[in-house]
Amino acid sequence: MRFGVAVYPGSNCDYDTYRVIRDVLNQEVELIDYRTTELKNIDCMVLPGGFSFGDYLRPGTLASHTPLTSAVKDFADKGGLVIGICNGFQILTEAHLLPGALMPNIHGKFVCKHQYLRVENSNTPFTNQCEEGQVLKIPIAHHDGNYFVDEDTLREMEDNGQIVLRYCDEFGNITEEANPNGSLRNIAGVCNKNKNVFGLMPHPERASESILGTEDGLYILRSILESYC
């Protein structure tokens, strides 16, 4: 499988993601500049974490108007797999590839810690190696992860199985105390209607080797590989 990792000015998780795909998943991968106008020979596109364009205006806004993001839209419209991690999730919402918006954390602080997540839908290309209700431990690191969407759209997303991950405690309970940023209904990750575009605030690339304290991110990354087989 061949991956592309987007590189915007201000991306800072691009090389981490690149290395995990190359050295842990043992897959082909290339870094793709934000001025790129067409994606060729790519099976999955990754929009990594960071602070694209310095988070000016809103996180992800300027990146959503680049030639590369236009190419990602075309790629997704043709059924290509796209995963946006943290800032990548923000870019996907700003580009309207995913519904909703990521607002500043409710407490106004940057949060960086390991976070428990409950898998709400295992029937996606990004969670097929998980079980519904499974609890994953994956780090978060963000200031603007407070997910919001209007009630009508949320209801439609729930009906379509587009809520993929929720913040929870270690036992899988969805509680206010387990919510690190004020996100609506503890939402941590969502997909589009066709299930080929996925955005999440947690960082699976930071949970892919035992030395980092958890390998639970591999459930997500290996699901992508399985969906390609």
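See the structure above.
Residues numbered from 1 in each chain as written. Predicted model: local features only at pLDDT ≥ 70, side-chain atom pairs only at ≥ 80, totals over all residues. Heavy atoms only, no water.

Asker: Describe the overall build of the protein, and please don't skip the residues or the numbers.
Answerer: The helix and strand inventory of the protein stands at five helices and 11 strands. In terms of C-alpha radius of gyration, the protein reaches 16 Å, essentially the compact-globule figure of 17 Å for 229 residues. Principal-axis analysis of the C-alpha atoms places the extent of the protein at approximately 45 × 35 × 35 Å. Among the 229 residues that make up the protein, the fraction classed as buried is 55%. When contacts within the protein are restricted to residue pairs at least 6 apart in sequence, those whose partners lie at least 24 apart make up 74%. For the protein, the exposed surface amounts to about 10,100 Å²; the carbon and sulfur share of it is 46%. Taken as two groups, the 19 positive and 31 negative side-chain charges of the protein have centres that lie 3 Å from each other. (Helix = DSSP H or I, 4+ residues; strand = E, 2+ residues; numbered from the N terminus. Rg over C-alpha atoms; globule rule 2.2 N^0.38 Å. Buried < 20%, exposed > 50% of the residue type's maximum accessible area, 1.4 Å probe, protein only. Contact = heavy atoms within 4.5 Å. Areas by Shrake-Rupley, 256 points an atom, 1.4 Å probe, with all protein chains shown as cover. Lys, Arg positive; Asp, Glu negative; His and termini not counted. Charge placed at Lys NZ, Arg CZ, Asp CG, Glu CD.)

Asker: Mind laying out the pairing of strand 9 (residues 163-167), listing which residues take part and the relevant values?
Answerer: The element strand 9 is largely enclosed, with a buried count of five among its five residues. Two strands pair when backbone bridges link them, and strand 9 and strand 10 (residues 187-191) are joined in this way by three bridges, in the antiparallel orientation. Among the inter-strand pairings, Arg-166 is bridged to a residue of strand 10, identified as Ile-187. (Pairing = 2+ DSSP bridges.)

Asker: Can you explain the nonpolar core? Please cite residues and give values.
Answerer: Ranked by internal contacts, the top residues of the largest apolar core, which has 66 residues, are Phe-3, Met-45, Leu-47, Val-82, Ile-83, Leu-165 and Phe-198. With residues near it in sequence (within four places) discarded, Phe-198 still touches Val-82, Ile-83, Gly-84, Leu-92, Leu-98, Phe-126, Val-164, Leu-165, Gly-189, Val-190, Cys-191 and Ile-220. (Core = buried A, V, L, I, M, F, W, Y, C linked by side-chain atoms within 4.5 Å.)

Asker: Now, about the pairing of strand 7 (residues 135-142): what can you tell me, with residues and values included?
Answerer: Burial analysis of strand 7 places six of its eight residues in the buried class, the great majority of the element. Examined bridge by bridge, strand 6 (residues 111-119) and strand 7 share eight bridges and lie antiparallel to one another. Paired with Cys-112 across the strands is Ala-141, a residue of strand 7.

Asker: Could you give an account of helix 3 (residues 87-94), naming the residues involved and the relevant values?
Answerer: Within helix 3, eight of the eight residues are buried, leaving the element largely enclosed by the surrounding structure. Those residues of helix 3 that fall on the buried side of the exposure criterion are Asn-87, Gly-88, Phe-89, Gln-90, Ile-91, Leu-92, Thr-93 and Glu-94. Where helix 3 ends, the next residue or the one after it, His-96, has phi of about 65°, a positive value.

Asker: So what about the sheet that holds strand 10? Which residues, and what values?
Answerer: Sheets are built from strands paired through backbone hydrogen bonds, the pairs being either parallel or antiparallel. As summarised here, the arrangement of the nine strands in space is 2-1-3-4-11-10-9-6-7, forming an open sheet in which the pairing is mixed. With partners counted over all chains shown, the strands left at the sheet margins are strand 2 (28-33) and strand 7, one partner each. Pairs of neighbouring strands in the sheet enclose a mean axial angle of 25°, with direction left out of account. Where strand 10 lies against strand 11 (residues 197-200), three bridges are found, and the strand directions are antiparallel. Paired with Cys-191 across the two strands is Phe-198, which belongs to strand 11. (Axes fitted to C-alpha atoms, helices over the stretch in contact; angles between N-to-C directions.)

Asker: Could you give an account of the pattern of salt bridges, with specific residues and numbers?
Answerer: Under the criterion given, the structure shown has 15 salt bridges. Of the charged contacts in the structure, one is a salt bridge between Arg-22 and Asp-23, with a shortest N-O distance of 2.7 Å. With a shortest N-O distance of 2.8 Å, Glu-94 and Arg-58 are connected by a salt bridge. Of the two residues, Glu-94 is situated in helix 3 and Arg-58 in the loop between strand 3 (44-47) and helix 2 (67-77); the sequence distance between them amounts to 36 residues. For Arg-58, a relative accessible area of 46% gives the class partly exposed. (Salt bridge = Lys/Arg side-chain N within 4 Å of Asp/Glu carboxyl O.)

Asker: Please set out helix 4 (residues 151-160) residue by residue, giving values where relevant.
Answerer: At the N-terminal boundary of helix 4, the capping side chain belongs to Asp-150, with an oxygen 3.2 Å from the backbone nitrogen of Asp-152. One or two positions beyond helix 4, positive phi appears at Gly-161, with a value near 70°. (Polar contact = N/O pair within 3.5 Å; in protein donor to acceptor, adjacent residues only side chain to side chain.)

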